[in-house]
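Structural features, examined
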Amino acid sequence: MARARSGADLGPLLFDVGPPPSREGLFALVALNKPVEREFTYSTPPELAPHVAPGMRVVVPFGPQSEIGVVVGLAERTEHDPARIKPLARLLDERPMVDAELLALTRWIAERYACSWGEALHAVLPAALKREQGSAKVIVARAAPGVGAEQLAELEVKQPKQHRLLRTLLELGGPMELRELCQQLNLSDSAAQTLRKRGWVVLEKVAARLDEYETARAVRPRPAALHPMQTAALARLVPVLERREHGAFLLQGVTGSGKTEVYLALIERALALGRGAIVLVPEIALTPQTVGWFRARFESVAVLHSRMSDAQRLRAWTRVASGEARVVVGARSALFAPMKDIGVIVVDEEHEPSFKQGSTPRYHARDVAVERARRVGAVCVLGSATPSLESWHAAREGALTLLELPERISGHGFPPIEIVDVRTEPVGPTGHKLFSRRLLTLLGETLARGEQVILFQNRRGFAPVLWCAGCKQTVRCPNCDVALAWHQRIGRLVCHACCEETRQPKACPTCSKPGLHYVGAGAERIEVEIARVAPTARVRRMDSDTMKRREDYESTLAAFGAGEIDVLVGTQMIAKGLDFPRVTLVGIISADSALHLPEFRAAERTFQLISQVSGRAGRGELAGRIVVQTMTPTHPAIALAAAHDFAGFAALESEQRAELSYPPHGRLVRLVFEDVNEKAVIDGAREFADFLRSRLESASDGAPEHEVRVLGPAPAPIAQYRGRHRHHLLLKLPTHACDAALAALRAVRGELRSLAPTIDVDPVSML
Ligand code: ADP
Ligand code: ZN
């Protein structure tokens, strides 16, 4: 085994271009899923040489082990000593799994997001393709019959992890896929295995359903005619598609303005031209309803998302690769569907943070979508009612073409948003500490008319904070630098960072004083309190505590749609895409809750959430009302959202970002260093910073507009997570000259491999 030259100067690559003159002494460059900015060179044994091609998976010796990698190039010569080069062990594919286009795109991702080519490829290939064999089965877990309170009590103190798992299963009252469950509870599967051995949990292998959206039915009739706004937007999009050119568009349309119909019409045109389409929606919006809209209109739609089993994903992937499915609808990773001749790529709700991947490679699907469309000559449409500041800025600079749908199709206009300053609300017997008088009045009226209500509170649990009046401390997670939240229904204190739980303390853990105060209100408390002020209303809560399984989420939405629920209380899970005509009141309980997070996008996020949540009201014939409760009524994110003034907010926010060279006026790279030993973290982060500074200096051409600034290291806002200390570095890069800096960063990462920071280019979360 020997290293090939770095990715930037690979030399003669043979990408499917004509037959190689000689296949003797052919060398394969293989990308491995390792944080090393290089590909590895292997020789091809004579029996494999005639068959090997870029894009195929191979098994190669790597140190004492073997690894699966992807051939990214073939070369007739190598600069390495041939005697030291090992041969490929095995070829896994007959035909390339990844074509030249996706190979090139993953290489771009590696450069853009400072990871290795192999890491980027790993994100693109469906799981079953990475390992040698994918399984068609999934493991589901359920509580064994007769198991209950007694077993829980036994686990409560000594086995908190098993307790958490068993308690959740008992609550669910039915089976759940183990992998998904462990992911949500932040557990490895050893807790489940132990419980199985004790006979308290049953684990079963069941065949994965090949298509979980089989039953997705049409719910959206084709409109008799397009609205003139829609026609105007299509008049800009279709000619670009027909000329087979690339165009990147920002479709800014208020909620209910008919964006989906524009996507459908554009895709219809693409299919008529023999071209395909990829539609990305936020994971939470990938419901049977959404899939149904596409399935009703187009014959063969493949669905791709990260929760699929290996077999499901492999099947969808194969259907796309074979050309059978020409429309793909999916979450973030569906962007990498192996589709030929893509005509359209849509990113709906492009401002959604979930388009950013949270593990290496930390790509942003919106940005990669534009890049893939550019490479293949496709039309890319980014749709949103409240575009990200990045896209808004790109539209002003001309990088995106702005198309607007300024009105609702229904012609009803927007329901009024009323701001209530909760600081001036009466307390005591005449008032309610969570609900303003105005909200209570409207709630009573709405319920009396038999209409529906959505109440939004973007915090989980009953009380987000427990506070001791004695020592003035909050009760914190022993392993993480966050306050523990009180979850009343399960009677546990929960860390929202690591998911660990503890029992309710009788006294302050710091000063032993009894009588802790439960401060603030999460969605659980709103649910409890609403049942008190409106005892006859049917109330349901929708957050990640109550909606662990996708089915629960979908059945709750169905029940709400069928009018079986009067008041839906929830976190941001209810902000997205719900379209229920009988919802006429939306209440935002505390609009400020996201405003004070140490994130530079806090105001933008708040503006988006208020706009999205209020967009749920008055979507049908009935007029709607929105009440926004806040302690900072004049904050621009709140006041301008209430005035439906996106342009005003974007301009103001952009000005403030410009002063600090924050995105969209500069780019950021965040590096996080973690270790149980705090000194090791600080030393490591310093060493990395110094090394990087010197590299950047020598790479710099001295022009101030190309200057890269390295800020820190400093403790991260969440300075400890699962017992590991966290420090971070922030790089501020000028927007137009990042390539050299990113190359330097990748090089330093390769050289200081033992420090292994998490590198996040264009970070979405700064915590
Ligand atoms: P958005 O995605 O912008 O929120 P939708 O595409 O969901 O908006 O459209 C809002 C509503 O208007 C939907 O109920 C849809 O069926 C309806 N609609 C869309 N286009 C038309 C049209 N041309 N004529 C009549 N109704 C339409
Ligand atoms: Zn914790």
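The structure under discussion appears in the preceding block.
Reading guide: rules and limits
- Counting from 1, residues in each chain are numbered in the order their sequence is written.
- Whichever chain is written first becomes A and whichever ligand is written first becomes 1, with later ones labelled in order.
- Since the coordinates come from a predicted model, pLDDT governs what is reported: local features require at least 70, and pairs of side-chain atoms require 80 or more to be given and counted, while whole-chain, interface and lining totals use all residues.
- For the side-chain quantities, the full set of heavy atoms in the structure was used; hydrogens and water were omitted.
- Comment: elements are numbered from the N terminus, with helices defined as DSSP H or I runs of at least four residues and strands as E runs of at least two.
- Here the globule rule reads 2.2 Å times residues to the power 0.38, and the radius of gyration is calculated from C-alpha atoms.
- Each residue gets one of three labels from its accessible area relative to the maximum for its type: buried under 20%, exposed over 50%, partly exposed in between, using a 1.4 Å probe on protein chains only.
- Working rule for contacts: check all heavy atoms of both residues, and any pair within 4.5 Å makes them a contact.
- In short, Shrake-Rupley with a 1.4 Å probe defines the accessible areas, and a residue's cover is counted only from the protein chains shown.
- Residues scored as charged are limited to Lys and Arg (positive) and Asp and Glu (negative), so that His and the chain ends carry no count.
- Here the site of a charge means atom NZ of a Lys, CZ of an Arg, CG of an Asp or CD of a Glu.
- Given a helix with a known number of residues, its expected span is that number minus one, times 1.5 Å.
- To obtain the arc, one takes the directions from the helix axis to the C-beta atoms.
- Sodium, potassium and calcium take a 3.2 Å donor cutoff, other metals 2.8 Å, and in both cases only N, O and S atoms count; water is not among them, so sites may look incomplete.
- Geometry is assigned from the angles between donors: four donors with all angles from 85 to 135 degrees make a tetrahedral site, four or six donors whose opposite pairs exceed 155 degrees while the rest stay between 65 and 115 make square planar or octahedral sites respectively, and everything else is labelled irregular.
- Put simply, a salt bridge is a Lys or Arg side-chain nitrogen that is within 4 Å of an Asp or Glu carboxyl oxygen.
- Stacked, tilted and edge-to-face are the three classes assigned to paired rings of Phe, Tyr and Trp, where Trp is represented by its six-membered ring and a pair needs centres within 6.5 Å; plane angles under 30 degrees give stacked, over 60 edge-to-face, the rest tilted.
- In this scheme, strands are said to pair when DSSP sees at least two bridges between them.
- Only the contacting stretch of a helix is used when fitting its axis, a line to C-alpha atoms as for every element, and angles between N-to-C directions run 0 to 180 degrees.
- Any angle that is under 35 degrees is reported as roughly parallel, and any over 145 degrees as roughly antiparallel; angles of 65 to 115 degrees are reported as roughly perpendicular and all others as oblique.
- In this scheme, a crossing is called left-handed if the near helix is turned counterclockwise away from the far one by less than a right angle; it is called right-handed if the turn is clockwise.
- Note that Gly is not counted as nonpolar here; it falls among the polar residues with everything else outside the nonpolar set of Ala, Val, Leu, Ile, Met, Phe, Trp, Tyr, Cys and Pro and the charged set of Asp, Glu, Lys and Arg.

Here we come to the overall build of the chain. What the chain contains, in helices and strands, is 21 helices and 31 strands. Here the C-alpha atoms of the chain give a radius of gyration of 27 Å, agreeing with the 27 Å that 2.2 N^0.38 yields for 767 residues. Counting all 767 residues of the chain, 54% fall into the buried class. For the chain, the share of sequence-separated contacts (at least 6 apart) that also reach a separation of at least 24 residues comes to 76%. Only carbon and sulfur atoms are counted for the fraction: they give 52% of the accessible area of the chain, which is about 32400 Å². Mean positive and mean negative side-chain charge positions of the chain (97 and 88 charges, respectively) differ by 4 Å.

If you check helix α14 (residues 437-448), its first and last C-alpha atoms are 17 Å apart, about what 12 residues at 1.5 Å a residue would give, namely 16 Å. Taken together, the buried positions of α14 are L439, L442, L443 and T446. One side of α14 carries all its buried residues, which in axial view fall inside an arc of 105°. Looking at the packing, one finds that the buried side of α14 touches β17 (417-421), β18 (452-456), α15 (523-533), β26 (583-588) and β27 (625-630). Phi for G450, located one or two positions after α14, is positive at around 80°.

Time to look at the coordination of the zinc ion (ligand 2). Each protein donor to the zinc ion (ligand 2) is listed here as C477 (SG), C480 (SG), C495 (SG) and C498 (SG); together their distances run 2.3 to 2.4 Å. Seen from the zinc ion (ligand 2), its 4 donor atoms lie at angles of 104 to 118°, and the figure they make is tetrahedral. In primary-sequence terms, the residues that donate to the zinc ion (ligand 2) follow C-x2-C-x14-C-x2-C. Separated by 18 residues along the polypeptide, C480 in the loop between β19 (465-468) and β20 (485-487) and C498 in the loop between β21 (492-494) and β22 (501-503) bring together distant segments of the chain.

Below, the discussion takes up the pattern of salt bridges. It is possible for side chains of opposite charge to pair when their charged atoms get near one another. Inspection of the entire model under this criterion finds 54 salt bridges. For E119, the salt bridge identified is with R749, shortest N-O distance 3.0 Å. Residue E119 is located in helix α2 (residues 117-124), and its partner R749 is located in helix α21 (residues 739-751); the two are separated by 630 residues in the primary sequence. Of the charged contacts, one joins E371 and R374 as a salt bridge, the two residues approaching to 2.9 Å between their closest N and O atoms. With a gap of 3 residues between them, E371 and R374 both fall in helix α12 (residues 365-376), about one helical turn apart. In this structure, a network of salt bridges that share partners links the residues R112, E350, R366, D367, R667 and D762.

A few words now on the packing of aromatic side chains. Scanning all chains against the criterion turns up 8 aromatic pairs. Summarising the aromatic geometry, the rings of F40 and F62 are spaced 5.3 Å apart at their centres and angled 90° between planes, so their arrangement reads as edge-to-face. Of this pair, F40 sits in strand β3 (residues 38-43) while F62 is found in strand β4 (residues 57-62), placing the two residues 22 residues apart along the sequence. Exposure remark for F40: the relative accessible area of 4% places this residue in the buried category.

For α12, which comprises 12 residues, the first-to-last C-alpha distance of 16 Å matches the rise-based estimate of 16 Å (1.5 Å per residue) to within 8%. In the core, the buried residues of α12 are packed alongside α1 (100-112), β11 (276-280), β14 (342-348), β15 (379-384) and α13 (389-397).

What follows concerns the sheet that holds β20. Taken in spatial order, the 3 strands of this open sheet run β20-β21-β22, and their pairing is antiparallel. Where the open sheet ends on each side, the last strands, each with one partner, are β20 and β22. Within this sheet the neighbouring strands show an average axis-to-axis angle of 35°, counted without direction. Where helix α5 (residues 160-172) meets the sheet, its contacts fall on β21 and β22, and the angle it forms with β22 comes to roughly 95°.

It is worth spelling out the packing of helix α8 (residues 228-242) against helix α9 (residues 259-272) at this point. Where α8 contacts α9, the two axes come as close as 10 Å, and the packing angle between them is 30°. Of the possible angle classes, the one that applies to α8 and α9 is roughly parallel. As α8 runs across α9, the sense of the crossing is right-handed. Between α8 and α9, the contacting residues are Q230, L234, L237, V238, L241 and E242 on the first element and E261, V262, A265, L266, R269 and A270 on the second. Partitioned by chemical class, the residues of the contact of α8 with α9 number 8 nonpolar, 1 polar and 3 charged.

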